[in-house]
Amino acid sequence: MSKEQKVTLKEWLYITIGILIMTLGIYFFKFPNHFSTGGVTGIAIVLGHYIPSITPGTLVTIINIGLLILGFAVFGKSFGIRTVYASLLMSGTLQLLEVIYPMSGPMTSQPLVELFFAVGLPAVGSAILFNLDASSGGTDIIAMILKKHTALNIGVALLCSDIIITVSACFAFGMETGLFSILGLIIKSLFMDQVMDNLKTKKCFQIITSNPEPIEQFITADLHRGATRLHGEGSYTHEGKTVLLAVVSRHEAVQLRNYIHKQDPAAFMIITSSTEIIGKGFRGVN
């Protein structure tokens with residue numbers, strides 16, 4: 001298996017894991033408590049109240065399939081296969097859970113605790129998908145269509161739709177559930193940004209040393225990362241120095257820092273965090 005195939009397989013595995021995490025939060029915590037925090041699942045929860053003969057999982061499947069058909073009609077073959085896979089996997093998993101583990105009510109008597117799981121798990125799953133330039137479909141498809149054919153601010157349009165869906169829970173399930181849903185929407189917006197930033201965070205090293213070769217060798221041979229060598233000069237001693245620039249993951253950062261401390265205790269290191277690294281080995285440029 002080539003390196004590109006391994007990377008592709010890894011990405012599909014992460015997409016699957018992200019969807020499964022989302023589904024667990026939706027099925028075990030969101031559906032039983034009727035927390036409607038926007039999106040297709042929020043629509044399904046509200047509609048399920050007025051159409052009790054159809055389960056929320058089935059409603060999610062119906063809505064997602066309809067939106068996928070609309071997406072193919074608008075975008076044709078260019079419509080993302082990842083979105084199709086993620087959307088169908090989530091719908092199928094929800095319906096499967098309804099068969100093998102039917103829920104008659106909330107798992108606990110603590111709605112606030114369940115709200116955090118109902119919001120947190122889907123937020124983590126969505127962040128994993130967004131980090132791979134994928135999505136679970138649903139209202140994202142409508143956003144893609146609006147972006148193509150209108151000049152609307154998509155972020156604002158999606159937020160407005162989520163607010164409408166969430167407020168509708170007040171009328172369908174009462175003010176208490178509605179207020180929990182509104183709180184969930186606020187938490188989701190804040191929590192998801194934090195999760196996405198944490199997933200994308202890389203460590204940027206600026207290493208000032210008089211003996212760069214062993215450090216360069218460790219970066220390229222052991223960490224399989226690249227490094228850039230710059231030539232510098234101390235402003236006080238005017239002694240020539242080498243400045244190495246390198247970007248690594250958080251796990252690799254610990255290894256690199258420990259190696260430099262051991263190999264060259266006199267080296268000066270500046271370690272910063274960044275959530276936007278674009279280039280070979282990290283994120284491509286579209």
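Residues numbered from 1 in each chain as written. Predicted model: local features only at pLDDT ≥ 70, side-chain atom pairs only at ≥ 80, totals over all residues. Heavy atoms only, no water.

A.B. asks: Could you clarify how one ought to interpret the overall build of the chain in this entry?
C.D. replies: A count of helices and strands for the chain gives 10 helices and 4 strands. Its helices and strands in sequence order give the chain the pattern α-α-α-α-α-α-α-α-β-α-β-β-α-β, from N to C terminus. For 286 residues, the compact-globule formula gives about 19 Å, and the C-alpha radius of gyration of the chain, at 24 Å, lies well above that figure. Dimensions of the chain along its principal axes, counting C-alpha atoms only, are 80 × 45 × 40 Å. Considering the chain as a whole, with its 286 residues, one finds that 41% of them fall into the buried category. Put simply, the chain shows about 15,900 Å² of open surface, and 64% of that area lies on carbon and sulfur atoms. Taking the average place of the 20 positive charges on the side chains of the chain and the average place of its 18 negative ones, the gap between the two points comes to 5 Å. (Helix = DSSP H or I, 4+ residues; strand = E, 2+ residues; numbered from the N terminus. Rg over C-alpha atoms; globule rule 2.2 N^0.38 Å. Buried < 20%, exposed > 50% of the residue type's maximum accessible area, 1.4 Å probe, protein only. Areas by Shrake-Rupley, 256 points an atom, 1.4 Å probe, with all protein chains shown as cover. Lys, Arg positive; Asp, Glu negative; His and termini not counted. Charge placed at Lys NZ, Arg CZ, Asp CG, Glu CD.)

A.B. asks: Just to check I follow, could you spell out unusual backbone geometry for this structure?
C.D. replies: Backbone phi values are negative for most residues with the exception of glycine, while trans is the configuration of most peptide bonds. Residues other than glycine seldom take positive phi values, yet H34 does so here, at roughly 60°. Of note, H34 is situated in the loop between α1 (3-33) and α2 (39-50). If you check the backbone angles, H224 has positive phi at about 55° while not being a glycine. With respect to the element layout, H224 can be found in the loop between α9 (212-222) and β2 (228-233). Residue classification places H224 among the exposed residues on the basis of a relative accessible area of 64%.

A.B. asks: Explanation requested: the pattern of salt bridges in the structure shown.
C.D. replies: Any two side chains of opposite charge can pair, so long as their charged atoms come close to each other. Under the definition given, this model contains 5 salt bridges. As a salt-bridge pair, E11 and R82 come within 2.4 Å of each other at their nearest N and O atoms. On the criterion of sequence distance, the pair formed by E11 in helix α1 and R82 in helix α4 (residues 81-100) is long-range, its members being 71 residues apart. For E11, a relative accessible area of 23% puts it in the partly exposed group. Looking at R82, the relative accessible area reads 22%, which means it is partly exposed. Notably, a salt bridge pairs D162 with K188, separated by 4.0 Å at the nearest N-O pair. Remark: K188 occurs in helix α8 (residues 175-200) and D162 occurs in helix α7 (residues 154-173); sequence separation between them is 26 residues. The buried category is assigned to D162, whose relative accessible area is 13%. Salt bridges sharing partners connect three or more residues here, namely E213, E216 and R229. (Salt bridge = Lys/Arg side-chain N within 4 Å of Asp/Glu carboxyl O.)

A.B. asks: What's the story with the nonpolar core in this structure? I'm lost.
C.D. replies: In a soluble, globular protein the nonpolar side chains are often hidden away together inside. Among the nonpolar cores identified, the biggest contains 37 residues, and F31, V60, M90 and L94 are the most heavily contacted of them. In contact with L94, other than residues within four places in its own chain, are T23, I26, Y27, F31, G57 and V60. (Core = buried A, V, L, I, M, F, W, Y, C linked by side-chain atoms within 4.5 Å. Contact = heavy atoms within 4.5 Å.)

A.B. asks: Any chance you could explain a nonpolar patch on the surface here in plain terms?
C.D. replies: On the surface, L47, Y50, I51, L159, I163, V167 and F171 cluster together to form a nonpolar patch covering roughly 650 Å² of accessible area. Taken together, the elements giving at least two residues each to the nonpolar patch come down to α2 and α7. Ranked by residue count, the leading element in the nonpolar patch is α7, at 4 residues. (Patch = residues over 30% accessible without salt bridge, like charges linked within 9 Å, V, L, I, M, F, W, Y side chains within 5 Å.)

A.B. asks: I'm lost on the packing of α9 against helix α10 (residues 250-263) in this one. Help?
C.D. replies: Packed helices, taken two at a time, are described by the angle their axes make and the gap between the axes. Interaxial distance between α9 and α10 falls to 11 Å at its minimum, and their mutual angle equals 155°. In terms of their interaxial angle, α9 and α10 are classed as roughly antiparallel. Classified by chirality, the crossing of α10 by α9 is right-handed. Across from P214, I215, F218 and I219 in α9, the residues of α10 making contact are Q255, L256, Y259, I260 and Q263. (Axes fitted to C-alpha atoms, helices over the stretch in contact; angles between N-to-C directions. Parallel < 35°, antiparallel > 145°, perpendicular 65-115°, else oblique. Left-handed = near helix turned anticlockwise from the far one by under 90°.)

A.B. asks: Could you clarify how one ought to interpret the environment of H231 in this entry?
C.D. replies: Along the polypeptide, H231 turns up in strand β2. On the accessibility criterion, H231 (69% relative accessible area) is exposed. Distance in space between the C-alpha atoms of H231 and L244 is 8.8 Å, their sequence separation being 13 residues.

A.B. asks: It is not clear to me how the side chain of K30 should be interpreted in this structure. Could you clarify?
C.D. replies: Structurally, K30 is set in helix α1. Setting aside anything within four residues of it in sequence, one finds K30 in contact with G25, F35, T37, G38, T41, G42, I45 and A118.

A.B. asks: Sorry if this is basic, but what is going on with the packing of helix α3 (residues 56-75) against α4 here?
C.D. replies: In the contact formed by α3 and α4, the axes pass within 8 Å of each other and the chain directions differ by 165°. Our classification of the angle between α3 and α4 gives roughly antiparallel. Between α3 and α4 lies a crossing whose hand is left-handed. Of α4, the residues touching α3 (which contributes P56, G57, T58, V60, T61, N64, I65, L68 and F72) are T83, V84, S87, L88, M90, S91, L94, Q95 and E98. Classifying every residue of the contact of α3 with α4 gives 9 nonpolar, 8 polar and 1 charged. (Nonpolar A, V, L, I, M, F, W, Y, C, P; charged D, E, K, R; others polar.)

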